[in-house]
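# Fold and contact review
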Amino acid sequence: MKTAEAPYPKKEVVARDAIVAACDERAADWGVEVMKQGGNAVDAAVVTGFLMMVYEPFSCGLGGHGGHMAFYDGTSGEVVGIDASSKAPAKAHADMFKDELLEVPEFYGDVDRVKVKDDANALGFRAMYAPTTVAQYHYVQERFGTWSWEQVLAPAIKVAEEGFVADEIYTRRMNATRALLLEHGDPALIEPFEATFFPDGRELVPGELIVQRDMAKTMRRLAAEGPGLFYGGDVSRQIVSWVAEHGGILSDVDFTSYKVESGPLSVTTYRGYEIHGYANCANGSTIAAIMNILENFDLRSLGYLSADLIHVVAEAMKLAFSDRYAYVSDRDQVPVPYDGLMSKSYARQRGKLIDRRRAKLHRPGNPWRHQASGSKLYEEFGVDLAAITGGGTGKEPDSDTTFMVAGDSAGNLMLITSSNFSNCKVVVPGLGFQLNNSMEGANPAPGHALSIAPFKRILRNSGPTLVFKDGEPVYALSAPGGRRIITGTVWALIQMIDFGLGPQAALDAPRMHCEAHDMQVRIEDGVGDATLDDLRARGHELDVSPMYQEVYSRMQVLKVDRTAGLYVGGSEPRSHSGVRGY
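Throughout what follows, the structure given in this document is the object of discussion. (Residues numbered from 1 in each chain as written. Predicted model: local features only at pLDDT ≥ 70, side-chain atom pairs only at ≥ 80, totals over all residues. Heavy atoms only, no water.)

## A few points about the overall build of the protein chain
Counting secondary structure elements, the protein chain contains 19 helices and 21 strands. A globule of 582 residues ought to have a C-alpha radius of gyration of about 25 Å, and the protein chain, at 22 Å, matches this closely. C-alpha extents for the protein chain along the principal axes are approximately 60 × 55 × 45 Å. Classification of the 582 residues of the protein chain by burial places 65% in the buried group. In the protein chain, 75% of the contacts between residues at least 6 apart in sequence involve partners at least 24 apart. With the model as given, the accessible surface of the protein chain reaches about 19800 Å², and the carbon-plus-sulfur share is 48%. (Helix = DSSP H or I, 4+ residues; strand = E, 2+ residues; numbered from the N terminus. Rg over C-alpha atoms; globule rule 2.2 N^0.38 Å. Buried < 20%, exposed > 50% of the residue type's maximum accessible area, 1.4 Å probe, protein only. Contact = heavy atoms within 4.5 Å. Areas by Shrake-Rupley, 256 points an atom, 1.4 Å probe, with all protein chains shown as cover.)

Here it is in structure tokens:
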């Protein structure tokens with residue numbers, strides 16, 4: 001087994017009163033300070049979220065497309081799921097890119113492989129949905145927080161105005177976006193972006209002071225005027241006007257009609273634990289499907305980081321992802337067999353397809369047979385389920401999402417995922433932030449589960465995961481990282497539940513990632529050459545990377561020990577993430 005030093009080594013944090021894990025350690029510092037000043041976990045998470053917009057404007061921002069969240073009330077024991085994901089513009093329609101399609105693959109639903117001329121669904125003025133991140137943070141702050149709206153915005157305003165020191169990750173990501181825009185050559189994209197993030201007109205270098213003056217001005221207005229500024233107010237009108245001037249389709253109704261939704265999370269069980277996640281258009285159903293398949297195997301007996309273990313996990317991931325591509329979409333607009341996908345009986349059926357000695361290319365199964373309502377009801381109403389099968393994976397962005405989790409002395413837990421997707425690179429002059437490119441997560445080819453439709457959600461890879469044992473919370477975790485959020489969450493759960501590792505050890509372990517559209521398994525070389533050779537002999541096509549590369553999800557994990565009255569936190573060693581507590 002090869003060993004390597006992590007570029008951002010972490011120590012496990014043990015805390016009694018408060019803890020925060022975030023994708024930038026500086027934001028986690030601020031989050032803990034909030035609770036020292038009397039704030040709760042929600043206040044800390046929202047403050048952290050606004051700060052992440054400043055520290056990582058490539059990952060999240062005021063122009064982002066929101067995300068899924070979970071709140072656990074330490075007093076009542078209530079678990080609340082919150083959906084603040086964006087929806088397609090009112091003027092969007094299935095054929096809007098039909099005449100610009102360059103390539104539509106045969107494989108079920110892989111949206112990233114459906115190519116559009118000039119990447120028009122990903123870059124530029126037709127690629128965004130109305131931003132929902134402001135509504136996202138305001139909803140949880142107003143419902144569960146204790147600080148005022150002005151208070152939770154104040155730290156981000158301070159850092160944006162006074163500046164922060166850029167590290168290698170910030171400069172690399174921002175320079176890459178600038179280079180992309182210069183190559184693209186559209187002045188309407190280049191000039192506002194450079195004026196906002198490159199005021200000196202040159203490449204950024206690590207160590208220099210980054211000041212976000214326009215972002216600070218917008219945040220000051222947001223603090224004073226409230227979220228209406230973004231939903232029918234002056235900022236939303238500026239966005240609609242600028243986008244329409246350059247051929248986009250956003251309209252006022254996309255902003256004024258938006259509402260955050262809440263409800264219970266979906267639940268599955270795994271070896272006596274309850275795993276809670278968000279199913280609709282998020283990652284919860286696929287995480288549940290993988291864990292349900294794996295429950296049929298004694299993973300611990302296979303050996304830690306053994307070829308037998310990695311093989312079984314990879315095959316389970318492929319089975320679940322093939323169904324994800326085929327069926328998962330917005331159940332408000334498309335029939336989706338979520339109960340069937342997450343059923344134990346379907347998992348047993350799918351698990352029997354795993355050959356312990358050979359890797360396979362799996363196809364979607366039929367979860368409708370395990371759905372309580374079945375498919376007959378839809379057929380009676382003339383819905384052609386076979387025709388719409390073929391959803392989408394969405395773009396696999398570098399890390400254009402952020403995740404934070406906080407716990408406080410009252411036992412409350414707040415988990416927030418928020419994203420820009422991978423940014424359409426549009427900056428409205430003077431506002432200080434990029435707009436999302438959610439349109440890239442919809443299928444630009446008509447006739448599929450994730451094809452474009454007005455007010456329809458895209459399929460998100462992000463989402464919070466809460467794990468309970470005997471009615472008490474045990475783990476809270478998630479990450480940014482595209483589809484690797486799903487596999488990173490599953491891998492961390494296996495490390496902790498099946499092999500007994502602590503949160504930091506689970507994140508320090510060699511990581512793997514596997515989907516369904518080919519035989520490829522991405523894996524770090526820390527598992528050892530003999531194991532890699534064994535996996536190749538079974539038919540896996542390995543993409544081996546050195547340990548601790550920034551190509552995997554940036555996991556954050558909290559463990560809750562109610563008996564000892566402690567929190568234990570782990571944070572991603574592959575990036576500048578951090579966990580703080582006291």
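## Side note on the side chain of T402
If you trace the backbone, T402 turns up in strand β12 (residues 401-407). T402 sits in the buried class, given a relative accessible area of 0%. Sequence-distant contacts of T402, that is, excluding residues within four places in its chain, are made with C23, M52, S59, C60, I416, T417, S418 and P480.

## Description of the sheet that holds strand β11 (residues 273-277)
The antiparallel open sheet is built from seven strands, whose spatial order is β1-β20-β19-β15-β14-β11-β10. Each edge of the sheet is formed by a strand with only one pairing partner; in this case those strands are β1 (13-15) and β10 (266-270). Going across the sheet, the axis of each strand differs from the next one's by a mean of 20°, ignoring polarity. By the bridge criterion, six bridges tie strand β19 (residues 556-561) to strand β20 (residues 566-571) in an arrangement that is antiparallel. What sits directly across from V560, in β20, is Y567. Packing of helix α17 (residues 484-498) onto the sheet brings it into contact with β10, β11, β14 (465-469), β15 (472-478) and β19, and relative to β15 it is tilted by some 140°. (Pairing = 2+ DSSP bridges. Axes fitted to C-alpha atoms, helices over the stretch in contact; angles between N-to-C directions.)

## Side note on the packing of aromatic side chains
Using the criterion set out here, one finds 13 aromatic pairs in the structure. Here F50 and W149 contribute two aromatic rings whose centre-to-centre distance is 5.6 Å and whose plane-to-plane angle is 75°, an arrangement assigned as edge-to-face. Of this pair, F50 sits in helix α2 (residues 41-55) while W149 is found in helix α4 (residues 149-162), placing the two residues 99 residues apart along the sequence. Residue F50 shares its accessibility class with W149, and that shared class is buried. Site record: aromatic cluster; members linked through ring pairs are Y55, F58, F164 and Y170. The aromatic ring of Y273 is capped on one face by K469, whose charged end is 4.5 Å from the ring centroid. (Phe/Tyr/Trp six-rings, centres within 6.5 Å; stacked < 30°, edge-to-face > 60°. Lys NZ or Arg CZ within 6 Å of the ring centre and 35° of its normal.)

## Details of the packing of α2 against helix α3 (residues 133-144)
Two quantities define a packed helix pair, namely the angle between the helix axes and the distance between the axes. Where α2 contacts α3, the axes come no closer than 9 Å and their chain directions differ by 160°. Here α3 runs roughly antiparallel to α2, going by the angle between their axes. Between α2 and α3 lies a crossing whose hand is left-handed. On α3, the residues touching V42, D43, V46, G49, F50 and M53 of α2 are T133, Y137, V140, Q141 and F144. Taken together, the residues that form the contact of α2 with α3 break down as seven nonpolar, three polar and one charged. (Parallel < 35°, antiparallel > 145°, perpendicular 65-115°, else oblique. Left-handed = near helix turned anticlockwise from the far one by under 90°. Nonpolar A, V, L, I, M, F, W, Y, C, P; charged D, E, K, R; others polar.)

## Details of α17
Residues three or four positions apart in an α-helix share a direction because the helix packs 3.6 residues into each turn. For α17, with 15 residues, the first-to-last C-alpha span of 20 Å sits near the 21 Å given by 1.5 Å per residue. Across the 15 residues that make up α17, a large majority, 15, are buried. (Expected span 1.5 Å × (residues − 1).)

## Let's talk about the pattern of salt bridges
Counted under the stated rule, the structure contains 33 salt bridges. Taking the shortest distance from any N to any O, the salt bridge between D330 and R457 comes out at 2.9 Å. Pair noted here: D330 is in the loop between α12 (307-327) and α13 (338-341) and R457 is in the loop between β13 (413-419) and β14, with a separation of 127 residues, a long-range link. Considered together, D330 and R457 belong to a single accessibility category, that of buried residues. Residues R538 and D534 are paired through a salt bridge, measuring 2.8 Å at the closest nitrogen-oxygen approach. Through salt bridges with shared partners, a single network forms among D83, K87, E261, D330, D332 and R457. (Salt bridge = Lys/Arg side-chain N within 4 Å of Asp/Glu carboxyl O.)

## Overview of the nonpolar core
By size, the foremost hydrophobic cluster in this structure holds 89 residues, and its most contacted members are F50, M219, I239 and M414. When residues in this core are grouped by element, the largest group, twelve residues, is from α2. Ignoring sequence-local partners within four residues, the contact set of M414 consists of A41, V42, A45, M69, A70, F71, I82, V140, M404, V405 and A406. (Core = buried A, V, L, I, M, F, W, Y, C linked by side-chain atoms within 4.5 Å.)

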